[in-house]
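Understanding the architecture of this molecule
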Amino acid sequence: MKNEEQEQTFIDGSDDEGAPHEDAPKKGGSVPWTGYGVLESLDQARDLKIGKLSVSLHGTELVKDATLELNYGNRYGLIGQNGSGKSTLLRVLGERQVPIPAHMDIHYLSGEVEATDKTAIETVLEDLEAETKRLEKEAEELVGAEDEEQEERLNIIYERLDALEPTTAKARAGKILHGLGFTTEMQKKKTRDYSGGWRMRIALAKALFVSPTMLLLDEPTNHLDLEACIWLEEYLKNYERILVFVSHSQDFLNGVCTNIIHLHNSKLIYYGGNYDQYVVTRQELEDHQMKQYYREQGEIAHMKDYIARFGHGSAKLARQAKSKEKVLSKMVEKGLTEKVTADKVYKLRFEPAGFLAPPIMAFNDVSFGYGSNPKSFIYEKITICVDLESRVALVGPNGAGKSTLLKMMCGELSPTTGMVRCHQHLRLARYHQHLQDHLDVNLSPLEYLSNEFPELATKPEQMRQQIGRFGVTGKVQTLPIKSLSDGQKSRVVFAWLALKNPHILLLDEPTNHLDIETIDSLADAINNWDGGLVLVSHDFRLIGQVAKEIWECKNKRVTKWNGDIMSYKKKLKEEVMASLQ
């Protein structure tokens, strides 16, 4: 028997596409969006079902009269285009903005841990005691219960207490931190001594350690290197409770998911299997839908033609026409098959780079370190060349100096010894994770780019077209940048890069905050471009799409990997699996 329907209306802020970001109104004020849902699953059930789920933003419904159904033991990849409402939906669940049974503990990874005097491992363990006491108190209240649902809940609590066993907690927390790239010494460092990216890793470790009934992760790989991505993939594929996560990495979705939830046209559509299986199944369903659509449209056209021709003819023909009119009315009343609408995908494009005679960029016996002691050097006597034909992906362990190498290429850092020679007419453009911080957030994209490129400011239509290629369209072009989502800000940055008309692109983690479709468009734009590329990315699929060479940064050297990125991933996976033994 189902519990009585619980109906509630809730409010919150959002950072999805088009939503307020840093200036989002706080609770208690006038907020721009509302959520609504009805609990349809049993109150003590491990599974969760919420009907009539709706989320609105500025009066526009992101999710409309949908059903959210999450089954215990399944791992769901939540996908959809930028602006569809994925992050908002996770926040709604994480903050219990819709009715969720109290026994379901939830951990929503929403941001980095605070910069405090607590060490990394202390931060991961800080909620252990409180969670243990909470569970023990609930268990005491349920002891002796004769109700079957309460007995099942008591068993679940005992399982959770066994999993949280305090005597082994520190070792388990250390193992998780190690998998995310923290050495034993790093685990003892205070969180205030870490950058935001590393504090995000600590927050992720804390979420994994808690191992809640429902774990909600929004782009968990954004601050990880390839090794940590592989470790996280292996860890999450064994998650035994409910996992819901948003990711732009098809490779990661394939490795972790048991199910896909597609947020499309304000509805939640469910598919069994991983991302590749979703693509195949969706295509089959849409092919079938289009066949049904054309068949129906053909029948409708035939009936309308018959009615028009014979509706006023002889009595017999008029009766037949009337009969067809009734059939047509019933078809419409029952609901006609909708035509499949393709996802809106922006075709990114870089302007031709033009020709430069080699050599274009050469490192000759370059060594680099942030101090004068050669023992602390990141690189020693490296010799490499980059030209317009180069399509290079830099890989290697965290701290090996991949981003440092890009900084030396663009002249932001100078070698300690050796020489970096660049063609005198070389134009470079570097994308990095913090480039958004350099945007003037009080300006609109149109104003900002007009200031950056005054030669185009007198041609507003041409400027609009240029930035429109990167998905910055319509009213978004004239909104203050501070009101844009991270995905939109990334597109503004890419438009800025393209307008610099570089010969060589240096891309450091370019996929953060982009949806899968935009990443594919970026890959197509690079492959159709005549310039050179040096890429650092945790997205194995993007590397496979655009890289012709893999350079491994390791042990102060840069060496060419003899194989493709998937063979490199195989090697890393073997190393990760060995470390888990």
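Since the structure is predicted, the reported quantities are computational estimates derived from the model, not experimental observations.

**Describing the sheet that holds strand β12 (residues 379-386)**
The pairing of strands in a sheet happens through backbone hydrogen bonds and is either parallel or antiparallel. Pairing is antiparallel in the open sheet, where 3 strands are placed in the order β12-β11-β14. Two strands close off the open sheet at either side, each with one partner strand: β12 and β14 (417-422). Strand-to-strand twist of the sheet, defined as the mean angle between neighbouring strand axes without regard to direction, takes the value 15 degrees. Relative to β12, strand β11 (residues 361-368) runs antiparallel, the two sharing 5 bridges. When the bridges of β12 are listed, Phe-363 appears paired with Ile-384.

**Remarks on the nonpolar core**
Among the nonpolar cores identified, the biggest contains 103 residues, and Phe-182, Leu-236, Phe-350, Leu-449 and Leu-507 are the most heavily contacted of them. With 9 residues, helix α7 (residues 196-210) is the largest single contributor of residues to this core.

**With respect to a negative patch on the surface**
Together, Asp-43, Glu-146, Asp-147, Glu-148, Glu-149, Glu-151 and Glu-152 line one region of the surface with negative charge. Among the residues examined, Glu-151 registers a relative accessible area of 40% and is labelled partly exposed.

**Description of the UniProt feature "domain: ABC transporter" (unreviewed entry) in the protein**
UniProt's feature table lists "domain: ABC transporter" (unreviewed entry) at residues 48-290 and 361-580, given in the numbering used throughout. Overall, residues 361-580 shows 35% helix and 24% strand. The separation of its end C-alpha atoms is 41 Å.

**Let's talk about the sheet that holds strand β17 (residues 532-536)**
Spatially, the 6 strands line up as an open sheet ordered β15-β16-β17-β13-β18-β19, and their pairing is mixed. Pairing within the sheet leaves two strands with one partner each, and these edge strands are β15 (428-431) and β19 (557-561). Ignoring which end each strand starts from, the neighbouring axes of this sheet average 20 degrees apart. With 4 bridges connecting them, β15 and strand β16 (residues 504-508) associate as parallel partners. Counterpart to Tyr-431 in the pairing with β16 is Leu-507.

**Details of the packing of aromatic side chains**
The geometry of an aromatic ring pair is captured by the separation of the ring centres together with the interplanar angle, meaning the angle of the planes. Applying the stated criterion to the full structure yields 14 aromatic pairs. Considering the side-chain rings of Tyr-271 and Tyr-278, the 5.0 Å spacing of their centres and the 80 degrees angle between planes classify their relative orientation as edge-to-face. Assigned by exposure class, Tyr-271 and Tyr-278 land together as buried. Members of the aromatic cluster, connected to one another through ring pairs, are Phe-182, Tyr-194 and Trp-198. Note that Arg-201 overlies the ring of Trp-198, its terminal NZ or CZ placed 4.3 Å from the centroid.

**Here we look at helix α8 (residues 226-236)**
Of all 11 residues in α8, 10 are buried, a share of seventy percent or more. Within the sequence span of α8, burial applies to Leu-226, Glu-227, Ala-228, Cys-229, Ile-230, Trp-231, Leu-232, Glu-233, Glu-234 and Leu-236.

**Description of the domain arrangement of the protein**
Parsing the protein into structural domains produces domain 1 (30-104 + 213-273), domain 2 (117-196), domain 3 (278-334) and domain 4 (361-580). Each of domain 3 and domain 4 has a C-alpha centre, and the two are 54 Å apart.

**Considering the UniProt feature "coiled-coil region" (unreviewed entry) in the protein**
Sites flagged by UniProt as "coiled-coil region" (unreviewed entry) map to residues 118-155. When the span residues 118-155 is considered, its composition is 76% helix and 0% strand, and the gap between its end C-alpha atoms is 34 Å.

**A word on the pattern of salt bridges**
Evaluation of the coordinates by the stated rule reveals 31 salt bridges. The partner of Arg-134 in a salt bridge is Glu-138, and the shortest N-O contact between them spans 3.7 Å. Of this pair, Arg-134 and Glu-138 both sit in helix α3 (residues 128-142), 4 residues apart, roughly one helical turn. In this structure, a network of salt bridges that share partners links the residues Asp-105, Glu-131, Arg-134, Glu-138, Arg-153 and Arg-160.

Rules behind the numbers
Residues numbered from 1 in each chain as written. Predicted model: local features only at pLDDT ≥ 70, side-chain atom pairs only at ≥ 80, totals over all residues. Heavy atoms only, no water. Pairing = 2+ DSSP bridges. Helix = DSSP H or I, 4+ residues; strand = E, 2+ residues; numbered from the N terminus. Axes fitted to C-alpha atoms, helices over the stretch in contact; angles between N-to-C directions. Core = buried A, V, L, I, M, F, W, Y, C linked by side-chain atoms within 4.5 Å. Buried < 20%, exposed > 50% of the residue type's maximum accessible area, 1.4 Å probe, protein only. Patch = residues over 30% accessible without salt bridge, like charges linked within 9 Å, V, L, I, M, F, W, Y side chains within 5 Å. Areas by Shrake-Rupley, 256 points an atom, 1.4 Å probe, with all protein chains shown as cover. Salt bridge = Lys/Arg side-chain N within 4 Å of Asp/Glu carboxyl O. Lys, Arg positive; Asp, Glu negative; His and termini not counted. Charge placed at Lys NZ, Arg CZ, Asp CG, Glu CD. UniProt positions renumbered as here; feature names shortened; annotations may be inferred. Phe/Tyr/Trp six-rings, centres within 6.5 Å; stacked < 30°, edge-to-face > 60°. Lys NZ or Arg CZ within 6 Å of the ring centre and 35° of its normal. Domains from an automatic or database assignment.

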